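Breakdown of the fold
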Amino acid sequence: MSVSAVATDPATCAPLPVLGRDVRVPLVTGGEVDYAALDYAASAPALQRVWDDVAAYAPYYGSVHRGAGYLSQLSTDLFENSRRTIAEFLGCRADEQVVFTRSTTDSLNLLAAVLPQDTRVFVFETEHHASLLPWEQRADVTVTYLNAPRTPAQAVATLEQALADREPYGPALVCVTGASNVTGELWPVRELAAAAHAHGARIVLDAAQLAPHHPVDLAELDVDWIAFSGHKLYAPFGAGVLAGRADWLRDAEPYLAGGGASRKVSRRTDGGVDVEWHTTAARHEAGSPNVIGAYAIASACKALTEAGFDTLVAREQELITRVREGLAEVPEVRVLSLFGDDAPRVGVLSFVVDGWNSSHFAAALSAEYGIGVRDGLFCAHPLVRTLLGSDPQDPGECGAPEAAPGELSLNAIRVSFGAGTPDEHVDRFLRAVKELVADGARWNYRTVDGRCVAVV
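Residues numbered from 1 in each chain as written. Predicted model: local features only at pLDDT ≥ 70, side-chain atom pairs only at ≥ 80, totals over all residues. Heavy atoms only, no water.

**Brief notes about the layout of surface pockets**
Estimates place the volume of the largest pocket at around 420 Å³. What lines the largest pocket is a set of 28 residues, and nearest its centre among them are Tyr35, Ala37, Ile371, Gly372 and Val373. Only helix H11 (358-369), strand E15 (371-372) and strand E19 (451-454) provide two or more residues apiece to the lining of the largest pocket. Class assignment for the residues of the lining of the largest pocket results in 17 nonpolar, 7 polar and 4 charged. (1 Å grid on protein atoms, 1.4 Å probe; cavity = no way out; pocket = protein on both sides within 12 Å on 5 of 7 lines; lining within 4 Å. Points joined across faces, edges and corners; volume = space filled by probe spheres on them. Helix = DSSP H or I, 4+ residues; strand = E, 2+ residues; numbered from the N terminus. Nonpolar A, V, L, I, M, F, W, Y, C, P; charged D, E, K, R; others polar.)

**Structural notes on the environment of Ser288**
Along the polypeptide, Ser288 turns up in the loop between strand E12 (273-277) and helix H9 (291-307). Exposure remark for Ser288: the relative accessible area of 68% places this residue in the exposed category. Distance from Ser288 to Ser63, taken between C-alpha atoms, is 7.3 Å for residues 225 residues apart in sequence. (Buried < 20%, exposed > 50% of the residue type's maximum accessible area, 1.4 Å probe, protein only.)

**Re the nonpolar core**
Residues Ile86 and Leu205 are the most contacted members of the largest nonpolar core, which totals 84 residues. Ranked by residues supplied to this core, first place goes to H9 with 10 residues. With 34 residues, the next largest nonpolar core counts Trp356, Ala364, Ala367 and Leu430 among its residues. (Core = buried A, V, L, I, M, F, W, Y, C linked by side-chain atoms within 4.5 Å.)

**A closer look at empty space enclosed by the protein**
Evaluated as defined, the whole model comprises 1 cavity of 30 Å³ or more. Of the voids in this model, the largest cavity is the one considered here, and its volume is about 50 Å³. Lining the largest cavity we find Tyr40, Ala41, Ala44, Gln209, Pro212, His213, Lys232, Tyr234 and Val348. In terms of residue class, the lining of the largest cavity is made up of 6 nonpolar, 2 polar and 1 charged.

**Points about the sheet that holds strand E14 (residues 348-353)**
Think of a sheet as strands paired side by side through backbone hydrogen bonds, with each pair either parallel or antiparallel. The strand order E13-E14-E17-E16 describes an open sheet built from 4 strands, whose pairing is antiparallel. In this open sheet, the two strands that pair with only one neighbour each are strand E13 (333-335) and strand E16 (374-376). Each strand of the sheet is rotated relative to its neighbour by a mean of 30°, with strand direction disregarded. Bridge count for E13 against E14 is 3 bridges, and the pairing is antiparallel. Directly across from Arg334, in E14, lies its bridge partner Val352. (Pairing = 2+ DSSP bridges. Axes fitted to C-alpha atoms, helices over the stretch in contact; angles between N-to-C directions.)

**Here we look at the packing of aromatic side chains**
The geometry of an aromatic ring pair is captured by the separation of the ring centres together with the interplanar angle, meaning the angle of the planes. Across all of its chains, the model carries 10 aromatic pairs by this definition. Between Trp356 and Phe361, the ring centres sit 4.9 Å apart and the planes meet at 85°, which makes this aromatic pair edge-to-face. Just as Trp356 is buried, Phe361 falls in that class too. Members of the aromatic cluster, each reached through a chain of ring pairs, are Phe351, Trp356, Phe361 and Phe429. Sitting over the face of the ring of Tyr169, Arg166 holds its NZ or CZ atom 4.1 Å from the ring centroid. (Phe/Tyr/Trp six-rings, centres within 6.5 Å; stacked < 30°, edge-to-face > 60°. Lys NZ or Arg CZ within 6 Å of the ring centre and 35° of its normal.)

**Side note on the sheet that holds strand E10 (residues 240-244)**
Reading across from one edge, E4-E10-E9-E8-E7-E5-E6 is the order of the 7 strands in this open sheet, with mixed pairing throughout. Each end of this open sheet is capped by a strand with a single partner; those strands are strand E4 (97-101) and strand E6 (142-146). Along the sheet, successive strands turn relative to each other by an average axial angle of 20°, direction set aside.

**As for the packing of helix H1 (residues 48-57) against H9**
Relative orientation of the contacting elements H1 and H9 amounts to 140°, with a least axis distance of 9 Å. When the axis of H1 is compared with that of H9, the two are oblique. Crossing of H1 against H9: the hand is right-handed. Taking contact as the criterion, the partners of Arg49, Val50, Asp53, Val54 and Tyr57 in H1 are, on H9, Val291, Ile292, Tyr295, Ala296, Ser299, Ala300, Lys302, Ala303 and Glu306. (Parallel < 35°, antiparallel > 145°, perpendicular 65-115°, else oblique. Left-handed = near helix turned anticlockwise from the far one by under 90°. Contact = heavy atoms within 4.5 Å.)

**A word on the pairing of strand E8 (residues 202-206)**
In summary, the side chains of a regular strand alternate between the two faces of the sheet. Among the 5 residues that make up E8, 5 are buried, leaving the element largely enclosed by the rest of the structure. Of the two faces of E8, both are covered, the one formed by Arg202, Val204 and Asp206 as well as the one formed by Ile203 and Leu205. Direction of pairing for strand E7 (residues 172-177) relative to E8: parallel, over a ladder of 5 bridges. Each residue of the ladder has a partner; that of Thr177, found in E8, is Asp206. Between E7 and its parallel partner E8, the chain crosses via helix H6 (residues 189-198), and the hand of that crossover is right-handed. Bridge count between E8 and strand E9 (residues 225-229): 3 bridges; the pairing is parallel. Its bridge partner lying in E9, Val204 is registered against Trp225. (Right-handed = clockwise from strand over helix to strand, strands pointing away.)

Following this line, the structure appears as structure tokens:
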């Protein structure tokens, strides 16, 4: 089952057409506009190509690995071919595994579950909570949180020193993002991988924000594992991937116990059961797998590959330049950055506006201009607090615009875009920012159930 490559959509001026590109939304000031989805970092809209592929397969849906019927065999082939497509997309080596999960969060929790006993984990405080929090769920694992670096070189030096100082010298894992979900800045993954391996550690790359914007290759980056989510990669919700070295995955107890993970189960004379578990990726894929989710990710991988990352990256850089230059024309706007204005980044930028609560500003963008952005702490609380100069111990909630006392300004606005973003959405966003800063909101807003909304 295949679909031809998708050409540039002349109606949107975007390289790859996405679902929702013609959705109309009402404005509180009257009338309707095409919805400007500028929240790709949270969930990118599904590619039309992906949706069409899934729709074409849906009538043939069947159980995977469990049936002799034609549809079951077709679904099994589709599922395993999707695994091979994703392995190729990620540059997996012959002995590496692609495990299907629910999301990046699930992938990293899976990796945390299979760590050898007494592993030392090193993670920068700048990580998304998906890669910051799973490791302490293991009582026999020690976690070292590294301070936010201010340059890529400082990130490498900080990691090298922490690894050199570790005691005792045993199994170690470094977890690092490829591109920040707050600033969009690219991290020095190859250099961090080299530092990890020089000190006998392994490294996992959180590629949730990187994979939709740049080619990601396990061998080229020399990382041990890659984790990412389908819903960031222009596929629908509900599927993710952990890909990389097989040994820790093969040697650990299954992430979930159940059918599909077990190769053989037999009763013992004492009344218990003996279980022989699979040693392949199936070991950690118990239960009926999400074949549609896996196929959707594979379809997105094919679409991005066929469109050509060089073309996609070049256009995205044009949009990034346009957004950065447009925001720079507004003195009241401050763009957040760890590594400085010249740092390379993907299409993710966060900013604050003097005199505005970020949640109020985001609500006005939506209600008065039909623009969807993100506001809050972006599930990266320590990083945003560092960038905003807040005490790391101050309370706050992810994405909640109603701040605690003393934290009225502790949130930011994030705009993010990608291969499905038309030029008009970016132009409208910049025009809206300038108008709101110059003239203020044209409507009244209040907090309802923790969100700032227009009064109607």
